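# A look at the structure
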Amino acid sequence: MTVDEIRVDILTGTSTITIAEETPGYYVFKEKLKAVFPNSDMNWEEKVVKPAFAENLTVIYKK
């Protein structure tokens, strides 16, 4: 069986933090993301899931 996985990379000046769907707290993180960054792309998840099994990069929030 093959599955897709959504990952969110947080890029800082010196490191990258990756949060995947299987990371504990992922769904809480998604809700907090909307609250903390209200000007972020709220449709990002729709953009990254299609087409399936493709690398669909998108920027959620840019400082």
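Attention in this report is confined to the structure presented alongside it. Numbers given for residues are sequential positions, taken from 1 along each chain in its written order. Predicted model: local features are reported for residues with pLDDT of at least 70 only, side-chain atom pairs are reported and counted for 80 or more only, and whole-chain, interface and lining totals are derived from all residues. The basis for the side-chain values is all heavy atoms of the structure; hydrogens and waters are excluded.

### What to know about the environment of Ile6
What counts here: Strands here are runs of E lasting at least two residues and helices are runs of H or I lasting at least four, both read from the DSSP assignment and numbered beginning at the N terminus. For every residue, the accessible area (1.4 Å probe, protein chains only) is compared with the maximum for its type, and the residue is labelled buried under 20%, exposed over 50%, or partly exposed between those bounds. Any two residues whose heavy atoms approach within 4.5 Å at even a single point are treated as in contact.
With respect to the helices, strands and loops of the structure, Ile6 is situated in the segment before strand S1 (7-11). Here Ile6 falls in the buried class, since its relative accessible area comes to 11%. In sequence terms Ile6 and Val49 are 43 residues apart; their C-alpha atoms lie 7.5 Å from each other. Sequence-distant contacts of Ile6, that is, excluding residues within four places in its chain, are made with Ile19, Ala20, Glu21, Tyr26, Trp44, Glu45, Val48 and Val49.

### Notes on the layout of surface pockets
Which parts of space are left empty comes out when a probe the size of a water molecule is rolled across the atoms. Note the threshold: Using a grid of 1 Å spacing that covers the protein atoms alone, one calls a set of points a cavity when a 1.4 Å probe fits there but cannot get out, and a pocket when the set is open and has protein on both sides within 12 Å along at least five of seven lines; lining residues are those with an atom within 4 Å of a point. Grid points are joined across faces, edges and corners, and a volume is the space filled by probe spheres set on the points. Under the scheme applied, nonpolar residues are Ala, Val, Leu, Ile, Met, Phe, Trp, Tyr, Cys and Pro; charged residues are Asp, Glu, Lys and Arg; polar residues are all the others, including Gly.
Empty space within the largest pocket amounts to approximately 970 Å³. Together, 27 residues line the largest pocket, and Arg7, Val8, Asp9, Thr58 and Ile60 are the ones closest to its centre. Top contributing element to the lining of the largest pocket by residue count: S1, with five residues. Here the residues of the lining of the largest pocket are counted per class, giving 17 nonpolar, two polar and eight charged.

### Topic: the packing of aromatic side chains
Defined as follows: Ring geometry is summarised as follows: Phe, Tyr and Trp rings, the Trp one being its six-membered ring, pair when their centres sit within 6.5 Å, and such pairs are stacked at plane angles under 30 degrees, edge-to-face over 60 and tilted between the two.
Counted under the stated rule, the structure contains two aromatic pairs. Ring geometry for Tyr26 against Tyr27: centres 4.9 Å apart, planes inclined by 85 degrees, an arrangement best described as edge-to-face. Overall, Tyr26 belongs to the buried group, its relative accessible area being 1%. Their ring planes at 40 degrees and their centres at 4.5 Å tell us that Phe37 and Tyr61 sit as a pair that is tilted. Note that Phe37 is positioned in the loop between helix H1 (26-36) and helix H2 (44-49) and Tyr61 in the segment after H2, a separation of 24 residues in sequence.

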